[in-house]
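Working through the structure, step by step
Read off the chains here:
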Amino acid sequence: MKIAVCVKAVPDAAAGRRLDPTTKRLDRSGELAISDFDTYAVEEGLKLKEASGEGEVVVVSMGPEKAMDALRKALAMGADRAVLITDAALENADVLETAVALAGALSNEGADLVLFGQQSADGGGACLWAAVAEKLRYPIVSQVSELTVGDGSLTGKRQTEFGYDTIRAPLPAIVAVSDSINTPRYPSLKGIMGAKKKAQETLSASGATGPGTTVVALNPPPPRGEAQKIEDDGTAADRIVEFLAEKRLV
Amino acid sequence: MSVRPSEFPPPWSSSDAIGMPTDPVDERIDVDFLIVGAGPAGLAAAIRLGQLVEADPATAERLGEVPVAVLEKGKAPGAHLLSGAVVNPRGLQRLFKGRKRIDEMPFYGEVHGESVLFLTKSRAVRIPTPPTMVNHRNYVASVSQLGRWLAEEAEELGVTILPETSAERLLVDGGRVVGVRTGDRGRGRGGEELGNFEPGSDIAARVTILAEGTQGHLTGAALERFGLRGENPQVWALGVKEVWKVAKPLDRVIHTMGWPLRPAKRYREFGGSFVYPMGDDMVTVGMVVGLDYRDTELSVHDLLQELKTHPRIKRILDGGERVQWGAKTIPEGGFVALPSRFHAPGLLLCGDGVGLVNVPALKGIHYAVESGRLAAEAAWRTLARGASTREALASYDASLRESFIWRELREVRNMRQAFGRGFYVGGALAGAMTASKGRFPPGDAPTERDADQSLISTDRAASYPAADGKLVFDKLSSVFASGNRTRDDQPNHIRIQERVPRELAELWAHMCPAQVYEVGEADGDGTVTVKLAPSNCVQCGAITAKGGRLTPPEGGSGPEYTVT
Amino acid sequence: MAKTLVFLEHHEGAVQNGSLGVLAKASQIGGEFAGAIVGSDVRGIGDGIGATVWVADDARLAAPLPQPRVDVLAKVVRDEGYDTVLFAQSVLAADIAAGLAARLGAGLNWGLVDFDGETGRAPALQDTVVVDVGWSTPVRIGIFRAGALDAEALSGAADVRDAAVELEDFSTVAEMVEQAHAEQQGPSIEDAEIIVAGGRGLGEPEKFALAEELARALGGAVAATRAVVDAGWYPYSAQVGQTGKTVSPKLYVALGISGAIQHKVGMQGSNVIIAINKDPNAPIFEYSDLGVVGDLHEIVPKLTELVRSRKS
């Protein structure tokens, strides 16, 4: 079985994420690291490959050239190779352009299963997989907290606002996994040392069309409502209930 | 009876950090040269070895698949590096001779102006710059950024860097260091194996170079195991610093003495502050205090907060914003506290780990780089046909003793100790030592262990300023600003006696800049229980100086410095 | 003028409040607007909505799966010339919105808290900045943040119109094996719309019962700060903060929590924050909507009682 895992290299949290006032997009000039949420997808891919005893796990990403350093973590965990779509034209890519670029690379790969993490760590919309599925005309199951794959189909347990759905879909398919699906492994030292030698391919994007969205302005956050602070004079509980009622929370 | 921290030694012995290899031979990772610590010393050693591999392909032929590997406990090279820093470029120039110019190194620029100020609570008096502190032709840098850059240079030379990997045990077999065992990952709070448990590995090496920096875990154990300790104990200072984005550029480097430290001898408060420009829009401000202080309520974190309220300092920060915070100890024993030897069978020691710091000049990065370079050359000599490994490693000691490091440290050997006699007497003695190039007063002044100083309690803490979240911060906000996001459910890595006299618990609680220690309930027998929040730890090492022992937590834990 | 279509998500025969809020928002921005209900046996559930409502009713649409809904909405948008499609955030809605964006080549913005017909407002980076976002495509798709608009629904009689159902082959291959059963132990803190969190101010581990009872009364989950998890008062799985979970419920009640930044970053996305703490200088009051300075041991039992009696 061939498994592709889509991952994103995001600005390292420690460096502090900020929006670039000029481009009004996330500043990606600093160190990049693979999004924590994506390590669950990598782990799931590796587990599936190990369980079936054969196959390949390839990580696919789109980002600046230096994102390859971040992809190496997935290779160190055990992924077999990495594919990075990198193109100056995609610098400000939105979900639409990203979906087109990823779908292009994924259709070349022809994976049986495409995995995503549940969201990016830097403020994404947690929906890119659905756009990619549309482009590839694959079925999609998202928010999957349990996954089994076999006999040309997969069964996933999806967590929604209302509880758990169990969904079956034939392969090839796309699955976005939640962070309750597994505990990602630490890369072993041998894995880290071997990561550099694994195949790392860089692709350019063909026919980028430009983003479908724009950023008009950045504003400071509004102060939180009209914050009230009261001292308890014996009626605090009533005041809280009034407040909850006002907000329609009880 | 007053309490001394050393009366309550940690439940830890250096033998805990030393062991035989345990992995089966076919599972062992083999490297030729293993360096512990991706700081200026370790990376200089790695770079020099990389250069030698490149320059001598015939010898390099005989090396294995991984000729040079560097272990780094931080998330990435630079993550645990923190310094002032005004760098004397000499070490880097020698390392990159004919390869890199100064303007290609990650410096914020040459020092063009400097002031030394004596502070009182509301005033600042400029005093002449002591000759040891003149910074002409030195460069401002973030050692964290310098570390990242050095790591890139090392990787280009084929060096393998293994971040998020702690060196937990020194592997010794037949009296010879044969490598290092790395720490386990994925253990729970009680030490149990979690689902993603990844055991450590034995890494076997021809030569192991320890460049762990201040309070090195294996360095301390190796000094014990091989009897390398010098005549005098090492002593430390604790430095806490912040990096600020500021509205207006600062045109000089500033050092201060005096307030908020107290000059009287009984307090033993030796230290000062620094403010350095980092380009036009950033400055770094820090406070350093010798850990031989006695007051249980002294907190370097809060002294730095207090310092920032001084009108002369506040003016620099006005309209600015804190972007990072961090803390680290500095070895201050100098020449008299150096080890008796810097090598043991299979082992070389360099940098801050063995105390190569010039305290009166406030510099050690160039010594770290130079010692790393010299260690690399000695390690390489073990490869020469017919070479005796023992002699090759011993040649490191000889080259250190012939280096500028030795000469300079010798000249200033007694200066730090003089300040144990109070600020004014110490200052006068330091002047005499400088004028005589260390010949007067003659002899070596001994150091006294920081943990041997008896404790006193004043109500110092009452006058620390309250946090406002803008200029003055509390410790937890500071820990956050260090980038620390350590996994909470891992085993405690701090070794202390958990039931101690209240004074000692108070000392630890105030001393720790990261709020790791809390004074718990009284036990009814005059002691209290110390409560720990180990995941706050930024691994500064102060606890090891004051009666406890820092051991490495799971690799990847701790601060994630980027501009310190 | 905008011509706006709002996806009306339904569950167990009722249109979700969040979707109705978005529809009310659509009614305010001018131009034509309509809702869309997609499912099986759904005729009638939108009757009380005072707006045009497209209804696609087909047995193949019974399961709440995204891809067939993309087919339905895409056809309505194309046939009727809608230029704006809005959603209220949910697991299902996000998947539909992104699929529709890819189908129609439409720009997609998410996390909206407001929209004026041209520009949307979306807080970003844990609400530290508010971004004004726009679209450069003929069709614009937006997802509102959950709970951002719980406005009164538009009342009246719906003008119901039939939406044609033509499904793509790949849209129907995924099938529901078992649908939406809630797990027994109440909502997990990541899913909970209401969270009651306890900190050291509770005083002792046993006092977590106060938080648990209030959570039960409110229908929420219990969370804890790192300090109390460290102290062994509550399990790590309930820890909210930098090194625990990040949550953004509609209501976050902080009991005896000082509000260190490590905690704040895990819960500052909450819609409404109420804090009870006896220290008037606790940092948590700086970002609470309602701060109560007082003894939680007195206030919380009363509060729990009041909430219970109100609900019964």
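Residues numbered from 1 in each chain as written. Chains lettered and ligands numbered in written order. Predicted model: local features only at pLDDT ≥ 70, side-chain atom pairs only at ≥ 80, totals over all residues.

Some points on the overall build of chain C
A tally of helices and strands in chain C yields seven helices and 18 strands. Taken against the 2.2 N^0.38 rule, which gives 20 Å for 312 residues, the C-alpha radius of gyration of chain C at 22 Å falls within 12% of a compact globule. By principal-axis analysis of the C-alpha atoms, chain C measures approximately 65 × 40 × 35 Å. For chain C, buried positions account for 57% of its 312 residues. Look at the contacts in chain C between residues 6 or more apart in sequence, and 64% of them connect residues 24 or more apart. (Helix = DSSP H or I, 4+ residues; strand = E, 2+ residues; numbered from the N terminus. Rg over C-alpha atoms; globule rule 2.2 N^0.38 Å. Buried ≥ 20, exposed ≤ 12 C-beta atoms within 10 Å, placed from the backbone. Contact = placed C-beta atoms within 7 Å.)

Some remarks on the overall build of chain B
Each helix and strand counted, chain B has 15 helices and 26 strands in total. Here the C-alpha atoms of chain B give a radius of gyration of 23 Å, agreeing with the 24 Å that 2.2 N^0.38 yields for 564 residues. Here chain B holds 564 residues, and 56% of them are scored as buried.

Notes on the interface of chain C and chain A
Taken residue by residue, the interface counts 72 residues in chain C and 64 residues in chain A. The biggest single contributor to the side of chain C that touches chain A is helix H3 (residues 91–104) of chain C, with ten residues. By residue class, the composition of the side of chain C that touches chain A is 40 nonpolar, 17 polar and 15 charged. Where strand E13 (residues 228–231) of chain A lies against strand E18 (residues 290–293) of chain C, four bridges are found, and the strand directions are parallel. Paired with Glu231 of chain A across the bridge in E18 of chain C is Val293 of chain C. (Nonpolar A, V, L, I, M, F, W, Y, C, P; charged D, E, K, R; others polar. Pairing = 2+ DSSP bridges.)

Structural notes on the nonpolar core
Core analysis: the biggest nonpolar cluster contains 307 residues, and Val5 and Leu71 of chain A, Leu348 of chain B together with Ala36, Ala97 and Ala101 of chain C have the highest contact counts within it. The element best represented in this core is H3 of chain C, accounting for eleven residues. (Core = buried A, V, L, I, M, F, W, Y, C linked by C-beta atoms within 7 Å.)

Here we look at the interface of chain B and chain C
Of the residues lining the interface, ten residues belong to chain B; the matching set on chain C comes to nine residues. Counted by class, the side of chain B that touches chain C contains three nonpolar, three polar and four charged residues.

Notes on the pairing of strand E9 (residues 120–124) of chain C
Every other side chain in a regular strand lies on the same face of the sheet, so the side chains alternate between the two faces. Residue and element names in this part refer to chain C. Of all five residues making up E9, four are buried, and the element is well covered by its neighbours. Where strand E8 (residues 114–115) folds back onto E9 in an antiparallel hairpin, the turn is made up of four residues, including Gly117, whose phi is positive at roughly 100 degrees. As defined by bridge partners, E9 adjoins strand E10 (residues 129–135) across five bridges and the pair is classed as antiparallel. Along E10, the bridge assignment pairs Ala124 with Val129. Counted along the chain from E9 to the antiparallel partner E10, the turn is four residues long, and its residue Leu125 has a positive phi close to 45 degrees.

Side note on the packing of helix H3 (residues 95–109) of chain A against helix H4 (residues 128–136) of chain A
Two numbers describe a pair of packed helices, the interaxial angle and the distance between the axes. Residues and elements named next belong to chain A. For the pair H3 and H4, interaxial distance at closest approach is 8 Å and the crossing angle is 55 degrees. By the angle between their axes, H3 is oblique relative to H4. At the point where H3 passes H4, the crossing takes the right-handed sense. For the pair formed by H3 and H4, the contact residues are Val95, Leu96, Thr98, Ala99, Val100, Leu102, Ala103, Leu106 and Ser107 on the first element and Leu128, Ala131, Val132, Lys135 and Leu136 on the second. Partitioning the contact of H3 with H4 into residue classes produces eleven nonpolar, two polar and one charged. (Axes fitted to C-alpha atoms, helices over the stretch in contact; angles between N-to-C directions. Parallel < 35°, antiparallel > 145°, perpendicular 65-115°, else oblique. Left-handed = near helix turned anticlockwise from the far one by under 90°.)

A word on the packing of H4 of chain A against H3 of chain C
Packing of H4 of chain A against H3 of chain C leaves a shortest axis separation of 7 Å and a crossing angle of 40 degrees. Considering the angle they form, H4 of chain A stands oblique to H3 of chain C. As H4 of chain A runs across H3 of chain C, the sense of the crossing is right-handed. Taken together, the residues of H3 of chain C that come into contact with H4 of chain A (itself represented by Leu128, Ala130, Ala131, Ala133, Glu134 and Lys135 of chain A) are Asp95, Ala98, Gly99, Ala101, Ala102 and Arg103 of chain C. Looking at the contact of H4 of chain A with H3 of chain C, its residues break down into seven nonpolar, one polar and four charged.

Structural notes on helix H4 (residues 143–156) of chain B
Residue and element names in this part refer to chain B. Across its 14 residues, H4 extends 20 Å between first and last C-alpha, which sits within 8% of the 20 Å expected from 1.5 Å per residue. Buried residues dominate H4, accounting for ten of its 14 residues. Buried within H4 are the following residues: Val143, Ser144, Gln145, Leu146, Gly147, Arg148, Leu150, Ala151, Glu153 and Ala154. Taken together, the buried residues of H4 touch helix H1 (40–55), strand E3 (68–71), strand E9 (160–162) and helix H8 (365–381). At the exit of H4 stands Gly158, carrying a positive phi of roughly 90 degrees. (Expected span 1.5 Å × (residues − 1).)

Focus on helix H14 (residues 502–511) of chain B
All names here are of chain B. Most of H14 sits out of view: eight of its ten residues are buried. Among the residues making up H14, those that are buried are Leu504, Ala505, Glu506, Leu507, Trp508, Ala509, His510 and Met511. In this fold, the buried residues of H14 make contact with strand E23 (499–501), strand E24 (517–522), strand E25 (527–532) and helix H15 (542–545).

Quick look at the sheet that holds strand E8 (residues 139–140) of chain B
Residues and elements named next belong to chain B. Ordered by their spatial adjacency, three strands build an open sheet running E4-E8-E5, and the pairing between neighbours is antiparallel. Single-partner strands in this sheet number two, and they are strand E4 (86–87) and strand E5 (109–110). As paired elements, E5 and E8 share two bridges and run antiparallel to each other. Residue pairing for E8: Glu110 is matched across the bridge by Tyr139.

Observations concerning the confidence of the model for chain C
Summing up the model confidence of chain C, the mean pLDDT is 91 and the portion of residues at 70 or higher is 97%. Both scores are given for the predicted complex: the pTM is 0.91, the ipTM 0.91. (pLDDT = per-residue confidence, 0-100.)

Quick look at unusual backbone geometry
Residues and elements named next belong to chain B. Look at the link from Gly84 to Ala85: it is a cis peptide, with omega at -5 degrees. Within the fold, Ala85 resides in the loop between E3 and E4. In this structure, the amide linkage connecting Trp259 to the following residue, Pro260, adopts the cis form with an omega of 5 degrees. You can see Pro260 is positioned in the loop between strand E16 (253–258) and strand E17 (271–278). Its identity as a non-glycine residue notwithstanding, Gln215 has a phi of 55 degrees, on the positive side. In this fold, Gln215 is placed in the loop between strand E14 (202–210) and helix H5 (217–225). For Gln215, a count of 23 C-beta atoms within 10 Å corresponds to the buried category.

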